[in-house]
Amino acid sequence: MNVLILGSGGRENALAWKIAQSPLLNELFISPGNPGTVKIGKNIPLNIMDFKQVEATIFEHQIELLVIGPEAPLVGGLTDFLKNSKKTCNLMIVGPGAMGAQLEGSKDFAKAFMMRHHIPTAAYKTFNIDQFTEAVDYINTLHPPYVIKADGLAAGKGVIICSEVQEAKNTLDDMLLKGRYGKASGKVIIEQFLDGIELSVFVMTDGKHYCLLPEAKDYKRIGEYDTGPNTGGMGAISPVPFADESFMKKVISQIIEPTINGLLADNIDYKGFIFFGLINVNNNPMVIEYNARMGDPETEVVMPRIAEDILPFLIETASGTLKNGVIKTDPRYAATVMMVSKGYPGDYETGKLITMKKLDSTEMVFHAGTTIHPASEQLVTAGGRVMAVTAYGKNVKNAFCEAYRKANCITFEGAYYRSDLGKDLI
Ligand code: AMP
Ligand code: GLY
């Protein structure tokens, strides 16, 4: 079978690494891919938001299964476009259509979905541009901290938590009236603050049945001990020690199953991954957010913990023949350390030479923001998050120790990573 993965980050490198191990695979393509994926498949440069170009690539390379990595093409309707095209209507696609992807693309849609299907989540109210005064009045009835979210996609930056009432009002002004995130903040959600520890749970679903994947915890803030601004994710660990059997039972019965049943009841054809961003509030799981894709850097620890061929599950997901179950998991812990550019998540420079000579093996060193410099043909940085360095261990501490050992063998000017990962769990 020929498989195409869309995307260019650490997530796609990890997906490619796992899919490449399948005996069912004929050729693996990654578009646009990165210098990490080029070692395990064939990179095809293309703009993944140019749906015609994607369609032509699928046709040319006789792709049978497509895995859509990032949210933008999902929310933009790539799946519907390909399903409606004569050339690609029989293609198997892991990734929901635009309607299903609204679970991620619109927080207002996701909240209304959760309310309708009695899925535990924070209380909220939605306000549009014409309701600025009402939004301010509502803030006046609440206590800090205030959670304010842009409705649409904002590259992980659309959630502001304010400790002061004036800051909350300024944030509303910024989002609703000044259009800080453009169309994405044309509506805002004001939400009850939830206090607890977060984790990410993943399923593959064909819209009727689901298969549970290993859970993970990511580290969002840039600074040690969860300080400073949010990032795309600075590291991750799987399994999550507090996600024990009784907690996961609640996740399944109170969140996963009502979500799948809700999709069915709402007639939403959903074939793909669902990422449940959860928070543990006094041992009860609540949903912070849905994503219509896998997490990054969670995928860099989830894929290494899958102990069987993933391709049959992806095929069943895309073709609507999945059975309920849990994928076989490796009992070891997997930890990933994200190496980032100096300045990230603010402004940063790119083009810094990366050396990995001291590494004994590049196995599970997943590339995120790297490129081959056209003139020097050397590996250089090309993004904020540069590399996710993953390792196994017999517990949280061992897995991170080994990941740090590997990360220490990789150098580039201004390289930074958090050195406290996992300490909160030990
Ligand atoms: P989201 O993009 O919705 O996942 O939000 C980004 C981050 O903001 C989450 O990972 C949480 O750390 C935080 N957050 C979002 N909603 C809440 C909430 N209701 N209570 C507390 N923290 C929240
Ligand atoms: N690591 C969080 C995300 O992928 O959204």
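Scroll up to find the structure this text is about.
Residues numbered from 1 in each chain as written. Chains lettered and ligands numbered in written order. Predicted model: local features only at pLDDT ≥ 70, side-chain atom pairs only at ≥ 80, totals over all residues. Heavy atoms only, no water.

**Some details on the overall build of the protein chain**
Filter applied, for reference: Helix and strand definitions follow DSSP, with helices as H or I runs of at least four residues and strands as E runs of at least two, each counted in order from the N terminus. C-alpha atoms define the radius of gyration, and 2.2 Å times the number of residues to the power 0.38 defines the globule rule. Buried residues are those whose accessible area, probed at 1.4 Å on protein chains only, stays under 20% of the maximum for their type, while exposed residues exceed 50% and partly exposed ones sit between those limits. Throughout, a residue-residue contact means that at least one pair of heavy atoms, one from each residue, lies within 4.5 Å. Only the protein chains shown count as cover for residues, with accessible areas throughout obtained via the Shrake-Rupley method and a probe of 1.4 Å. Counted charges follow a simple rule, with Lys and Arg positive, Asp and Glu negative, and His plus the chain ends left uncounted. Here the site of a charge means atom NZ of a Lys, CZ of an Arg, CG of an Asp or CD of a Glu.
The number of helices and strands found in the protein chain is 12 helices and 23 strands. Taking 22 Å as the expected radius of gyration for a compact globule of 426 residues, we find that the protein chain reaches 21 Å, a close match to that expectation. In the protein chain, buried positions account for 57% of the 426 residues. Summarising the internal contacts of the protein chain: among those between residues at least 6 apart in sequence, 69% fall at separations of at least 24. With the model as given, the accessible surface of the protein chain reaches about 17,600 Å², and the carbon-plus-sulfur share is 52%. Side chains of the protein chain give 42 positive and 48 negative charges; the mean places of these two sets differ by 2 Å.

**Remarks on the site of ligand 1**
Selection criterion: In this text, near means that some heavy atom of the residue lies within 4 Å of the molecule or strand in question. Three categories are distinguished: nonpolar for Ala, Val, Leu, Ile, Met, Phe, Trp, Tyr, Cys and Pro, charged for Asp, Glu, Lys and Arg, and polar for the others, with Gly belonging to the last.
As a matter of local geometry, ligand 1 sits amid 13 residues, with Glu-191, Gln-192, Leu-194, Glu-198 and Glu-289 nearest to it. When residues of the shell around ligand 1 are traced back to their parent elements, those giving at least two are β7 (146-150), β8 (159-162) and β17 (284-291). Among the residues making up the shell around ligand 1, the classes are represented as 6 nonpolar, 1 polar and 6 charged.

**Remarks on the side chain of Asn-2**
Quick reminder of the rule: Whenever a nitrogen or oxygen atom comes within 3.5 Å of another N or O atom, the pair is scored as a polar contact, on the condition that within protein one atom can donate a hydrogen and the other can accept it, and that pairs from neighbouring residues in sequence are kept only if both atoms are in side chains.
Within the secondary structure layout, Asn-2 lies in the segment before β1 (3-7). There is a polar contact of 2.9 Å between the side chain of Asn-2 and the side chain of Asn-26. Sequence-distant contacts of Asn-2, defined by excluding residues within four places in its chain, comprise Asn-26, Glu-27, Phe-29, His-61, Gln-62, Ile-63, Glu-64 and Leu-65.

**A short note on the pairing of strand β16 (residues 272-281)**
The cut-off we apply is this: Two strands are said to pair when DSSP picks up at least two bridges between them.
Of all 10 residues making up β16, 10 are buried, and the element is well covered by its neighbours. Two elements, strand β10 (residues 197-205) and β16, share 9 bridges in a ladder whose sense is antiparallel. Bridge pairing in β16 places Ser-200 opposite Gly-277. Sheet analysis places β16 next to β17, joined by 7 bridges and oriented antiparallel. Opposite Val-281, over in β17, you have Asn-284 as the bridge partner. Adjacent in sequence and paired antiparallel, β16 and β17 are bridged by 2 residues, among which Asn-282 carries a positive phi angle near 50 degrees.

**What to know about the packing of helix α7 (residues 132-140) against helix α8 (residues 165-177)**
Convention followed: Here, axes are lines fitted to C-alpha atoms. For helices the fit covers the stretch in contact, and angles between N-to-C directions go from 0 to 180 degrees. Under this scheme an angle from 65 to 115 degrees is roughly perpendicular, one under 35 degrees roughly parallel, and one over 145 degrees roughly antiparallel; angles in between are oblique. Each helix crossing is assigned a hand: it is left-handed if the near helix lies turned anticlockwise from the far helix by less than a right angle, otherwise right-handed if that turn is clockwise.
It is the contact of α7 with α8, at a shortest axis distance of 10 Å, that shows an interaxial angle of 160 degrees. With respect to α8, the axis of α7 lies roughly antiparallel. Judged by the twist between their axes, the crossing of α7 over α8 is right-handed. Facing α7, whose interface residues are Phe-132, Ala-135, Val-136, Ile-139 and Asn-140, α8 presents Val-165, Ala-168, Lys-169, Leu-172, Asp-173, Leu-176 and Leu-177. A class-by-class count of the residues in the contact of α7 with α8 yields 9 nonpolar, 1 polar and 2 charged.

**Here's the deal with the side chain of His-367**
Mapped onto the secondary structure, His-367 falls in strand β20 (residues 365-367). Other than its neighbours up to four places away in sequence, His-367 contacts Gly-9, Gly-10, Asn-13, Asn-34, Pro-35, Gly-36, Lys-39, Met-356, Leu-379, Val-386 and Met-387.

**A short note on the packing of aromatic side chains**
This is how the line gets drawn: Two rings from Phe, Tyr or Trp (for Trp, the six-membered ring) form a pair when their centres sit within 6.5 Å of each other. Planes less than 30 degrees apart are called stacked, planes more than 60 degrees apart edge-to-face, and all others tilted. Note on geometry: a ring has a charge over it if NZ (lysine) or CZ (arginine) is within 6 Å of the ring centre and within 35 degrees of the ring normal.
According to the stated counting rule, one finds 11 aromatic pairs in the structure shown. Ring plane angle 35 degrees and centroid distance 5.7 Å describe the contact between Tyr-404 and Tyr-417, whose orientation is recorded as tilted. Of the two residues, Tyr-404 sits in helix α12 (residues 396-407) while Tyr-417 sits in the segment after α12, which places them 13 residues apart along the sequence. Across the pair, Tyr-417 and Tyr-404 agree in class, each one buried. Chaining the aromatic ring pairs together yields one cluster made of Tyr-219, Phe-400, Tyr-404 and Tyr-417. Over the aromatic face of Phe-59 sits the side chain of Lys-87, whose NZ or CZ is 5.1 Å from the ring centroid.

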